[in-house]
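# Geometric and topological summary
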Amino acid sequence: MTRDRAHDDERLAGAYRRGNEMPEESLRDWTRLIGSFADRPAPAIVEVGAGTGMFCAAAARWLAPSSVVGVDPSAAMLAEAVRHHAHPRVHYVRGAAEALPVRSGTFDLALLSRVIHHLPDRPRAARELARVLRPGGAAVVRTTFRERLDALVYDYWPRLREFDRERFPSADDVLGDFAAAGFTVLKVTSFARPVAEDLRTYHARLITRPQSKFGHLTPEEFEDGLHHLAADARRELATGPVPVDERYDLVVVTAP
């Protein structure tokens, strides 16, 4: 698995962690939804593309797993995970989605959150998930399909929508890759929860450019979008705070 080379940058890894945290209640709701697809108590969980470990630690807190393994190719991301999202039940390991450094048939539940578009070889990654999951184990893909690019961020930086339309897979792409690896589709849905309590908080989060795709904007484009977001945040002071929701698509498949 490869991420953008920028993810190996320690500064970006720290900005990514801070910029992609979510309110406690939203994180709990997402974690419990993901965990609901495990078909046995105390599941063994692997997160592929674990990044800075937010969901690994959340799974350990709320899902009572037997173990959680977070796999990511970026040493900088994993250093942030160990520093900020350590837990006795969580083990972080460096590795690629196409060659997971774990034993076959080990896991009951696999999570790929906001990472499927980074994978250079999705069919091979799907086959690896089929290998490491026990028969009937579930893989949960949390992503945004190119048909449904509706996040608030595109209102302020519309060129990011053009960029994401090129790099994000379609629903048919993802379902086809997993079907070819022998998986059975269990559920295709979407789910939305607040990522910030108001626009001021959202602005403070994005000022650090917490995602590598912001690097595709010129400094002028980035500052212009940030200026408009700051103006809307100031207007919100008069009308009262409104939580900023983010919706993600969810594909759940079961292993052969």
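The rules behind each value
Residue positions are given per chain, counting from 1 as you read along its sequence in written order. Only residues with pLDDT of at least 70 get local features here, since the model is predicted, and only at 80 or more are side-chain atom pairs given and counted; chain-wide, interface and lining totals rely on the full set of residues. Heavy atoms from the whole structure form the basis of all side-chain values; hydrogens and water molecules are not counted. Whether two strands pair comes down to DSSP finding at least two bridges between them. Only runs of H or I of at least four residues qualify as helices and only runs of E of at least two qualify as strands under DSSP, and these elements are numbered from the N terminus. Here an angle of 0 to 180 degrees is reported between the N-to-C directions of two axes, which are lines fitted to C-alpha atoms, with helices fitted over the stretch in contact. Any pair of residues with heavy atoms lying within 4.5 Å of one another is described as a contacting pair. Using a 1.4 Å probe on the protein chains alone, a residue whose accessible area is under 20% of its type maximum counts as buried, one over 50% counts as exposed, and one in between counts as partly exposed. Call a crossover right-handed when, viewed with both strands pointing away from you, the route from the first strand across the helix to the second goes clockwise. Note on ring pairs: Phe, Tyr and Trp rings are taken, using the six-membered ring of Trp, and paired if centres are within 6.5 Å. Classes follow the plane angle, with under 30 degrees stacked, over 60 edge-to-face and the rest tilted. Comment: the charge-over-ring label is applied if NZ (Lys) or CZ (Arg) is within 6 Å of the ring centre and within 35 degrees of the ring normal. Angle categories: roughly parallel below 35 degrees, roughly antiparallel above 145, roughly perpendicular from 65 to 115, and oblique for all the rest. By the definition used in this description, the sense in which the near helix is turned from the far one sets the handedness, with an anticlockwise turn below a right angle giving left-handed and a clockwise turn giving right-handed. Side-chain classes are defined by residue name, with Ala, Val, Leu, Ile, Met, Phe, Trp, Tyr, Cys and Pro counting as nonpolar, Asp, Glu, Lys and Arg as charged, and the others, Gly among them, as polar. To qualify as a nonpolar core, a set must consist of buried Ala, Val, Leu, Ile, Met, Phe, Trp, Tyr and Cys residues joined through side-chain atoms within 4.5 Å.

By definition, the strands of a sheet pair up through backbone hydrogen bonds, in either a parallel or an antiparallel sense. Spatially, the 7 strands line up as an open sheet ordered β3-β2-β1-β4-β5-β7-β6, and their pairing is mixed. In this open sheet, the two strands that pair with only one neighbour each are β3 (90-94) and β6 (184-196). Here the average twist between neighbouring strands, direction ignored, is 20°. Where strand β4 (residues 107-113) meets strand β5 (residues 133-143), 6 bridges bridge the pair, whose relative direction is parallel. Bridge assignment links A110 to a residue of β5, and that residue is A139. Sheet strands in contact with helix α5 (residues 122-132) are β1 (44-48), β4 and β5, and its direction is about 140° off that of β5. Along the sheet, helix α9 (residues 199-206) makes contact with β6 and β7 (244-254), crossing β6 at roughly 105°.

This brings us to the environment of F168. With respect to the helices and strands, the residue F168 is situated in the loop between α7 (158-167) and α8 (171-180). Along the sequence, F168 and H117 sit 51 residues apart, while their C-alpha atoms lie 5.2 Å from each other. With sequence-adjacent residues up to four places away left out, F168 is seen in contact with H117, T144, R146 and L149.

Turning our eyes to something else, we now look at the pairing of β4. Among the 7 residues in β4, 7 count as buried, and that is most of the element. Bridge count between β1 and β4: 3 bridges; the pairing is parallel. In the sheet register, I45 faces β4, and the bridge partner there is L109. Chirality of the crossover, the property in question, places the unit of β4, α5 and β5 among those that are right-handed.

Under the criterion given, the structure shown has 7 aromatic pairs. An angle of 90° between the planes, with centres 4.9 Å apart, marks the rings of W30 and F191 as edge-to-face. One end of the pair, W30, is in helix α2 (residues 24-35); the other, F191, is in strand β6, with 161 residues separating them in the sequence. When sorted by exposure, W30 lands in the same class as F191, which is buried. Taken together, the ring pairs in this structure connect Y156, W157, F214 and F222 into an aromatic cluster. In this structure, R142 packs its charged tip against the face of W30, placed 4.3 Å from the ring centre.

This part takes up the packing of α9 against helix α10 (residues 219-239). Interhelical geometry of α9 versus α10 gives an angle of 160° and a closest axis separation of 8 Å. When the axis of α9 is compared with that of α10, the two are roughly antiparallel. Like other packed secondary-structure pairs, α9 and α10 cross with a definite hand, here left-handed. Only F222, L226, L229, A230, D232, A233, E236 and L237 of α10 make contact with α9, whose side of the interface consists of L199, R200, Y202, H203 and L206. Across the contact of α9 with α10, the residue classes tally to 9 nonpolar, 1 polar and 3 charged.

Counting residues in each nonpolar core, the largest one holds 31 residues, and the members touching the most others are F107, L112, L129, F178 and F183. Every element with two or more residues in this core is listed here: β1, β2 (67-72), β4, α5, β5, α8 and β7. Broken down by element, this core gets its largest block of residues, 5 residues, from α5. Apart from residues no more than four positions distant in its own chain, F107 is found in contact with A44, I45, V46, V69, V102, V132, L133 and R134.

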